[in-house]
Amino acid sequence: MLSEAARTQLSQTLGDRLSLSKSDLALHGRSETHFPTLPPDAVAYPETTEEVSAIMRICSAHGVPVIGWGTGTGLEGHTSAVRGGVSVDFSRMNKVLDIHSEDMDVVIQPGVTREQLNEELRATGLFFPVDPGANASLGGMASTRASGTTAVRYGTMRDNVRGLEVVLADGRIIRTGTRARKSSAGYDLTSLFVGSEGTLGLITELTLRVHGIPEATSAAVCAFDTISGAVDAVIATIQMGIPMARIEFLDAASVAACNARDGAEMPVMPHLMIEFHGSERAVAEDAARFGEIAEEFGAQGYAWSTQPEERRRLWDMRHNAYYAILASRPGATALVTDVCVPISRLAQAVEETVADIADSSIPGPILGHAGDGNFHAILLVEPDNAGELQAAKALSGRMVERALNMGGTATGEHGVGMGKLDYMAREHGAAWDVMSTLKRGLDPDGLMNPGKLVRQN
């Protein structure tokens, strides 16, 4: 809890940038999915790394929990204040500090969003490719090791963060990594903090790898009679070495939801959505070759285009699929699953999940990133319906068990937060205890985003 002495010191440091407003507290305790609202005791709006350090020193001295907050788009209760405390909102630390075009990297503050960065990069011919769909803050994306639709070509946040500035639980400011493209100097602390979900420290600066905007882009869509046909087409495409920038999968229920929300007229069948980047000749050849492969696996209605408005319409529909699925059961909330398996097991994992959902009382459209074996079942439940939530959690647990048995993971991109916490021992075994040891070493009082990612005493 936030003591009067801690509140006074924080107010002296931040002035009116320490908020106790009930609406502000509720916003910072809310989740995009089924988790209850768990608000903090205060919201801090720092503008500099030094202010973040001061916040941490005060909170450490008074035993106050601290939760980092970017834009609040996480799906696993990452920013819920399970023990109260202070939510540190980085929206005012939103400057692009340096753009090094020749080295193809940028230095930014954590509150910069993905779309903001790409707008500022536009004139340089560069872009930042990691695209989770939401216009998330890049500090938050690094904290959850986010990825999204373009990971099949450009990798995840793990592959695109070169260095960080981090404030530790005791207020120390450290730097990890450099702007060099490689290093063998000591432990890879950058990788330790990427994906740590604010449990080890607060990211206050990021050095990111950026890429050249492709000369041309083509996008395509096609339907399949079966899920296995769609997945087999993806596997064959990857084995042929055809470079895909995105390759997304939607099952029939997801397609129906998108049709209803966006006025699309796709056949209510499993679909693939594909995008290619490169020269004009290369993207045309890649799209044509993919069409040939897809037809061998039963694709129907294959069509591709390089027109920006058609590509934008396609990906806007994909990025809004979650909200389309929510709208398919008015008033519902969702438990969003996030398993990832080796691509060779993807069709089996999806088909077994479809059968499991069909045998339950819970609607659960499925979509995912076919190019890296990551898929999501959006399990729709009535708010405050304990029976439905229990059934959805049981479905999710069976999905995780299935994925782990196939050599996969409980979470491919959304992170652990509160929602996947119960699966960590099964996935990591003794390594989870090692994570807890690291946590205690950097945060001995357990103040950094408590109740998330790791086991705490």
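Residues numbered from 1 in each chain as written. Predicted model: local features only at pLDDT ≥ 70, side-chain atom pairs only at ≥ 80, totals over all residues. Heavy atoms only, no water.

K.L.:
When you look at unusual backbone geometry in this model, what are you seeing that I'm missing?
P.N.:
Most peptide bonds are trans, and most residues other than glycine sit at a negative phi. Its identity as a non-glycine residue notwithstanding, N449 has a phi of 45°, on the positive side. Inspection of the secondary structure assignment puts N449 in the segment after α17 (430-442). On the basis of relative accessible area, N449 is assigned to the buried category, the value being 3%. Residues other than glycine seldom take positive phi values, yet L453 does so here, at roughly 70°. Positionally, L453 belongs in the segment after α17. (Helix = DSSP H or I, 4+ residues; strand = E, 2+ residues; numbered from the N terminus. Buried < 20%, exposed > 50% of the residue type's maximum accessible area, 1.4 Å probe, protein only.)

K.L.:
What is the right way to read the nonpolar core from this model?
P.N.:
Soluble globular proteins tend to pack their nonpolar side chains together in the buried interior. The biggest cluster of nonpolar side chains holds 54 residues, and the ones touching the most others in it are L272 and I274. Those elements that provide at least two residues to this core are β12 (216-223), α9 (227-239), β13 (246-250), β14 (271-278), α11 (280-296), α14 (346-358), β19 (374-381) and α15 (386-405). Counting residues in hydrophobic clusters, the runner-up holds 26 residues, among them V106, L117, V130 and M141. (Core = buried A, V, L, I, M, F, W, Y, C linked by side-chain atoms within 4.5 Å.)

K.L.:
Would you mind showing me how to read the sheet that holds strand β1 (residues 18-19) here?
P.N.:
The strands making up a sheet associate through hydrogen bonds between their backbones, and the pairing can be parallel or antiparallel. Sheet architecture is open: four strands sit in the order β1-β2-β4-β3, paired in mixed fashion. Each edge of the open sheet is held by one strand with a lone partner, namely β1 and β3 (66-69). Bridge count for β3 against strand β4 (residues 86-89) is four bridges, and the pairing is parallel. Directly across from G68, in β4, lies its bridge partner V88. (Pairing = 2+ DSSP bridges.)

K.L.:
Would you explain the sheet that holds strand β6 (residues 105-108) in this entry?
P.N.:
Sheet architecture is open: five strands sit in the order β5-β6-β10-β8-β9, paired in antiparallel fashion. The strands lining the two open edges of the sheet, one partner per strand, are β5 (96-100) and β9 (173-177). Along the sheet, successive strands turn relative to each other by an average axial angle of 15°, direction set aside. Relative to strand β10 (residues 201-209), β6 runs antiparallel, the two being bridged by four bridges. Paired with I108 across the strands is L206, a residue of β10. Across the face of the sheet, helix α3 (residues 49-62) comes into contact with β8 (161-168), β9 and β10 while running at roughly 45° to β8. (Axes fitted to C-alpha atoms, helices over the stretch in contact; angles between N-to-C directions. Contact = heavy atoms within 4.5 Å.)

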